[in-house]
Amino acid sequence: MTVTIAVRLDKARFAAALAGIPHEHQLFIAGTFGPAVEGRTIERLSPGHGEQVGLYPQAGAADLDRALAAARKAFDDGPWPSMTGAER
């Protein structure tokens, strides 16, 4: 048996509920947070209210290159490759 309960939250209460949640997010590359190199973003809207609930960086090729370089450096210079499988 499935029970569906409709919950309606007015826009003012919805905005108040979102007030304490960060809306702008950043990429995490090489141990630091930052925007996408090209500065493009993706907006996420609440399907129930049409209000913005998040703004995310739209990573591009330059961001991928930075992330891959950071991963390669961490692998080559960090302790991870010399650890045993159990240690990882």
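It should be emphasised that the depicted structure is a prediction, and the values quoted were computed from it without experimental measurement.

Colleague: A description of the pattern of salt bridges should follow, citing residues and the corresponding values.
Modeller: Within this structure, the stated rule accounts for four salt bridges. For Glu38, the salt bridge goes to Arg40, with nearest N and O atoms at 3.0 Å. We note a salt bridge from Arg72 to Asp76, for which the minimum N-O separation is 3.0 Å. Of this pair, Arg72 and Asp76 both sit in helix α2 (residues 61-77), separated by four residues, roughly a single helical turn. Residue classification places Asp76 among the partly exposed positions, given a relative accessible area of 47%.

Colleague: Tell me about the pairing of strand β4 (residues 52-57), residues and numbers included.
Modeller: As paired strands, strand β3 (residues 41-45) and β4 are joined by five bridges and run antiparallel to one another. When the bridges of β4 are listed, Arg44 appears paired with Gly54. The turn joining β3 and β4, which pair antiparallel and follow one another in sequence, is formed by six residues; a positive phi near 75° is taken by Gly50.

Rules used throughout
- Residues numbered from 1 in each chain as written.
- Predicted model: local features only at pLDDT ≥ 70, side-chain atom pairs only at ≥ 80, totals over all residues.
- Heavy atoms only, no water.
- Salt bridge = Lys/Arg side-chain N within 4 Å of Asp/Glu carboxyl O.
- Helix = DSSP H or I, 4+ residues; strand = E, 2+ residues; numbered from the N terminus.
- Buried < 20%, exposed > 50% of the residue type's maximum accessible area, 1.4 Å probe, protein only.
- Pairing = 2+ DSSP bridges.

On their own, these measurements won't tell you what the molecule is for.
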